[in-house]
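Structural features, examined
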Amino acid sequence: MQELNEQTEQRLKKLQELREIDLDPYKQTFNPEHRARDLIDSFSNHSKEELERQDIQVSVAGRIIALRDFGKASFAHIQDSTGKIQIYIKRDILAEDFSIVKKIDIGDQIGVKGRLFRTKTNELTIEVKNLVILTKCLYPLPEKWHGLKDIELRYRQRYLDLIVNPEVKEIFAKRSAIIKAIRDFLEAKDFIEVETPMMHLIPGGATARPFKTHHNALDIDLFLRIAPELYLKRLLVGGYEKVFEINKNFRNEGISTKHNPEFTMMEFYVAYKDYNFLMEFTEELITSVAMKVIGSLKIPYDDVVLDFTPPWNRIPMLEALIEAGVPESILNDSEMASTWAKQKGIDIPKDASLGKIIDEIFKEIVEPNLIQPTFIIDYPVELSPLAKKKPDNPQLVERFELFIAGREIANAFSELNDPIDQRQRFQKQVEAKMRGDEEAHEMDEDFVRALEYGMPPAAGEGIGIDRLVMLFTNSKSIRDVILFPLLKPERA
RNA sequence: GGGCCGUUAGCUCAGCUGGUAGAGCAGCUGACUCUUAAUCAGCGGGUCGGAGGUUCGAAUCCUCCACGGCUCACCA
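Residues numbered from 1 in each chain as written. Chains lettered and ligands numbered in written order. Predicted model: local features only at pLDDT ≥ 70, side-chain atom pairs only at ≥ 80, totals over all residues. Heavy atoms only, no water.

Glancing now at the overall build of chain A. Within chain A, the regular secondary structure consists of 14 helices and 19 strands. With respect to the principal axes defined by its C-alpha atoms, chain A has extents near 85 × 50 × 50 Å. Counting all 492 residues of chain A, 51% fall into the buried class. Partitioning the contacts of chain A with sequence separation of at least 6, the portion at a separation of at least 24 is 66%. Accessible area for chain A stands at about 25,100 Å²; split by element, carbon and sulfur atoms hold 50% of it. (Helix = DSSP H or I, 4+ residues; strand = E, 2+ residues; numbered from the N terminus. Buried < 20%, exposed > 50% of the residue type's maximum accessible area, 1.4 Å probe, protein only. Contact = heavy atoms within 4.5 Å. Areas by Shrake-Rupley, 256 points an atom, 1.4 Å probe, with all protein chains shown as cover.)

Glancing now at helix α8 (residues 275–293). For α8, spanning 19 residues, the distance from its first C-alpha to its last is 26 Å, which sits close to the expected 27 Å at 1.5 Å a residue. Its side-chain oxygen placed 3.0 Å from the backbone nitrogen of Asn276, Asp274 serves as the N-cap of α8. Immediately downstream of α8, the backbone of Gly295 shows phi near 80°, a positive value. (Expected span 1.5 Å × (residues − 1). Polar contact = N/O pair within 3.5 Å; in protein donor to acceptor, adjacent residues only side chain to side chain.)

This part covers the sheet that holds strand β3 (residues 83–90). Here we have five strands rolled up into a closed barrel, ordered β1-β2-β3-β5-β4, and mixed in their pairing. Averaged over neighbouring strand pairs, the angle between their axes works out to 55° when direction is ignored. Both strand β2 (residues 73–80) and β3 contribute to a ladder of eight bridges, which runs antiparallel. The residue bridging Gln79 from the neighbouring strand is Lys84, located in β3. (Pairing = 2+ DSSP bridges. Axes fitted to C-alpha atoms, helices over the stretch in contact; angles between N-to-C directions.)

Moving on to unusual backbone geometry. Residue Pro311 is bonded to the preceding Pro310 through a cis peptide linkage, with omega at 0°. Mapping Pro311 onto the fold places it in the loop between β13 (304–307) and β14 (313–316). Look at Asp22: it is not a glycine, yet its phi comes out positive at around 65°. Looking at the secondary structure, you find Asp22 in the loop between α1 (6–20) and α2 (36–42). Its relative accessible area of 67% is what places Asp22 among the exposed residues. A positive phi is found at Asp219, a non-glycine position, where the angle reads about 50°. Among the residues examined, Asp219 registers a relative accessible area of 56% and is labelled exposed.

The next point concerns the packing of helix α10 (residues 334–343) against helix α11 (residues 354–365). A pair of packed helices is characterised by two quantities: the angle between their axes and the separation of those axes. With their axes 9 Å apart at the nearest point, α10 and α11 run at an angle of 30° to one another. In terms of their interaxial angle, α10 and α11 are classed as roughly parallel. Crossing angle aside, the handedness with which α10 passes α11 is left-handed. Of α11, the residues touching α10 (which contributes Ser334, Ala337, Ser338, Trp340 and Ala341) are Leu354, Ile357, Ile361 and Ile365. For the contact of α10 with α11, the residue count by class is seven nonpolar, two polar and no charged. (Parallel < 35°, antiparallel > 145°, perpendicular 65-115°, else oblique. Left-handed = near helix turned anticlockwise from the far one by under 90°. Nonpolar A, V, L, I, M, F, W, Y, C, P; charged D, E, K, R; others polar.)

Another aspect to go through is the protein's contact with RNA strand B. What surrounds RNA strand B is a group of 56 residues, the closest being Lys120, Thr121, Trp145, Glu152 and His259. In RNA strand B, atoms within 4 Å of the protein come from the sugar-phosphate backbone in 60% of cases. A distance of 2.8 Å separates a base nitrogen of RNA strand B from a polar atom in the side chain of Gln7. In this structure, a base nitrogen belonging to RNA strand B sits 2.8 Å away from a side-chain N or O atom of Gln86. Secondary-structure elements contributing two or more residues to the surface near RNA strand B are α1, β1 (57–69), β2, β3, α4 (151–156) and α11. When residues of the surface near RNA strand B are assigned to their parent elements, the largest contribution, five residues, is made by α4. Broken down by class, the residue content of the surface near RNA strand B amounts to 15 nonpolar, 15 polar and 26 charged. (Near = heavy atom within 4 Å.)

Taken as a whole and assessed by the stated rule, the structure comprises 14 aromatic pairs. An aromatic cluster is defined as three or more aromatic residues linked by ring pairs; in this entry it consists of Phe185, Phe191, Phe268, Phe277 and Phe281. Lying across the ring of Tyr231, Arg234 places its NZ or CZ 4.6 Å from the centre. The residue whose ring lies beneath Arg399 is Tyr379, and the NZ or CZ to ring-centre distance is 4.5 Å. (Phe/Tyr/Trp six-rings, centres within 6.5 Å; stacked < 30°, edge-to-face > 60°. Lys NZ or Arg CZ within 6 Å of the ring centre and 35° of its normal.)

Okay, the domain arrangement of chain A next. Partitioning chain A into domains gives domain 1 (6–135) and domain 2 (159–324 + 366–480). Computed over C-alpha atoms only, the centres of domain 1 and domain 2 are separated by 48 Å. (Domains from an automatic or database assignment.)

What follows is the structure in structure tokens.
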């Protein structure tokens, strides 16, 4: 319990008084037969007179969010998961002792039964015959017309945010709809949904720093996964041809409006296909989600309108750089590239490979300008140790990233299935790690062994679900699409 | 981690160049049987984020700390 203030004391006193008359407000059950939104929708065409004639009995349960007391009658609005509806409690009609109405506070949850009618102002209202207090609320709710604005409180006490800010509920309803649409789409195409480990002996499948934990009985260190990729590909070896997983990844890195340490990723793999297939597939997937969830391919985000109408632009990474004004002559030489980047004020880590330098330049000068959906294709091989090389240019791999609103939304490639090449790429990563690159991949012998048994040619992709939800809900911060974003503890 | 900004009643916010802390909602008491930001009369409610410092005197100025926001760096 927080420090007792005057308001909580009042509420505790009412709670005690209710218990004294044998109405403990935490014990009853209640079976509402109706929900607020349904009632308002179903009876929108019923006039005042029709309602008087028909005597429609309903029951709803919900939280009191507004209360107007008139002495021998009261109006209130109660809110359930669907919306709110007005109730009218009149002493002459209420079956219970009217004095319990004085024990009700804003925030309490009640169940009511009674007759539908329309007030003078034509608002659909329940005339309460029976009333039961289901749960006492011991704190005052945030203020009725400004709501809860304090961002820190909204994240720390998301339950309060959800109670008083209806638009927040809509965001998470949309999040649920987006994930369902993705699942439906993939299942309709015969994908099988799987779950692979969250705890990895070797963190792999992405370049990122992991969280470390420990298994006591086995006395081994484990890492929370940074990606499911290497396990999903083992399933291709095992004979599945279409698999996907929607689940959390954990990366031990900074927190920002675009990053939460745990975030939701959808990864899927298709046998016998390459990254060209995946680009069309991605267009189909995301437009299908947009149509189902938003009902349009033109979606406002921040101060632009995102147009998802396919086909989306496909630009090779090097071309995108040249278009953005990077001299072609520096793109083959890490010395020159590094010098050019530094002149432009771009930080280049020492010992960076040419690919890494090019990537840094790309992130700085191209990425923020990729507003409309755009596939950037053909990445330097050093950046992509799990992707298949292009047959006509072994410096590049068959990989694309999808950018929307200046952010990476998806990452995909033709999967490297040559075990000898894979082993060499891991070895290069291990060397980079020895030189101090904390994010370089580790050798995963079992994964290489799986490839040695033979993985069919395949294409795979990861889509950042939180970021996709941000786009479809016009949210500027990832914290607005994650119910409980990570925050520091309240008190030291 | 760096920079900038913020933290005052349960909530939303005022509080000027330093002079004993304010409003609205919410709460309490009373009136009121169609209100919806109900209305009317009255009343209570504060460790001004925390700790130091300057000063006769600090919500206000200074230092440190905590938490948050934006941003840069790292990343998806």
